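Spelled out from the first residue to the last, the chains are:
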Amino acid sequence: MNSINARKEFIDIADEQDRQYWATRLGVSSEKLKSVVKAIQSMEFSKLKDYLMLEKIKEANTYQRFVNPQ
């Protein structure tokens, strides 16, 4: 694995500017970003992105109809 792929991006939620940058990049509010970091106990960008993507899928109507058929 080369060094570019091995490099991980970490979010500093304590720094307001950094938090706002990452929140915008992830398409969420600053408060949502903080709550996700707390929920998954990680500040790694890729893990946060994956979590938010899964959360969005779970909120979709198609997924809800599959999980809760009527």
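Residues numbered from 1 in each chain as written. Predicted model: local features only at pLDDT ≥ 70, side-chain atom pairs only at ≥ 80, totals over all residues. Heavy atoms only, no water.

Draft legend 1. Geometry of unusual backbone geometry. With phi around 55°, Gln41 is a residue other than glycine that occupies positive phi space. Accessibility expressed as a relative area gives 66% for Gln41, which makes it exposed. (Buried < 20%, exposed > 50% of the residue type's maximum accessible area, 1.4 Å probe, protein only.)

Draft legend 2. Local environment of the side chain of Glu44. Locating Glu44 in the fold gives a position in the loop between helix 3 (30–40) and helix 4 (45–59). Here Ser46 takes part through its side chain, which lies 2.9 Å from a polar atom of the side chain of Glu44. When neighbours within four sequence positions are excluded, Glu44 is seen to be in contact with Lys8, Glu9 and Phe10. (Helix = DSSP H or I, 4+ residues; strand = E, 2+ residues; numbered from the N terminus. Polar contact = N/O pair within 3.5 Å; in protein donor to acceptor, adjacent residues only side chain to side chain. Contact = heavy atoms within 4.5 Å.)

Draft legend 3. Region of interest: the packing of helix 2 (residues 16–26) against helix 4. Look at helix 2 against helix 4: their axes get within 11 Å of each other, and the N-to-C directions meet at 45°. Comparing their axes, helix 4 and helix 2 come out oblique. For helix 2 against helix 4, the interelement crossing comes out right-handed. Taking contact as the criterion, the partners of Trp22, Arg25 and Leu26 in helix 2 are, on helix 4, Phe45, Leu48, Lys49 and Leu52. (Axes fitted to C-alpha atoms, helices over the stretch in contact; angles between N-to-C directions. Parallel < 35°, antiparallel > 145°, perpendicular 65-115°, else oblique. Left-handed = near helix turned anticlockwise from the far one by under 90°.)

Draft legend 4. Representation of the layout of surface pockets in the model. Of the volumes computed, that of the largest pocket is approximately 170 Å³. Every residue along the wall of the largest pocket is listed here: Leu26, Gly27, Val28, Lys32, Lys49, Leu52, Met53, Glu55, Lys56 and Glu59. Take the lining of the largest pocket: its biggest share by element is 6 residues, from helix 4. (1 Å grid on protein atoms, 1.4 Å probe; cavity = no way out; pocket = protein on both sides within 12 Å on 5 of 7 lines; lining within 4 Å. Points joined across faces, edges and corners; volume = space filled by probe spheres on them.)

Draft legend 5. Looking closely at the packing of helix 2 against helix 3. Two elements in contact, helix 2 and helix 3, have axes whose closest approach is 9 Å; the angle formed by their N-to-C orientations is 90°. By the angle between their axes, helix 2 is roughly perpendicular relative to helix 3. Touching Arg19, Gln20, Trp22, Ala23 and Leu26 of helix 2 are Ser30, Leu33 and Lys34, all from helix 3. For the contact of helix 2 with helix 3, a count of residues per class yields 4 nonpolar, 2 polar and 2 charged. (Nonpolar A, V, L, I, M, F, W, Y, C, P; charged D, E, K, R; others polar.)

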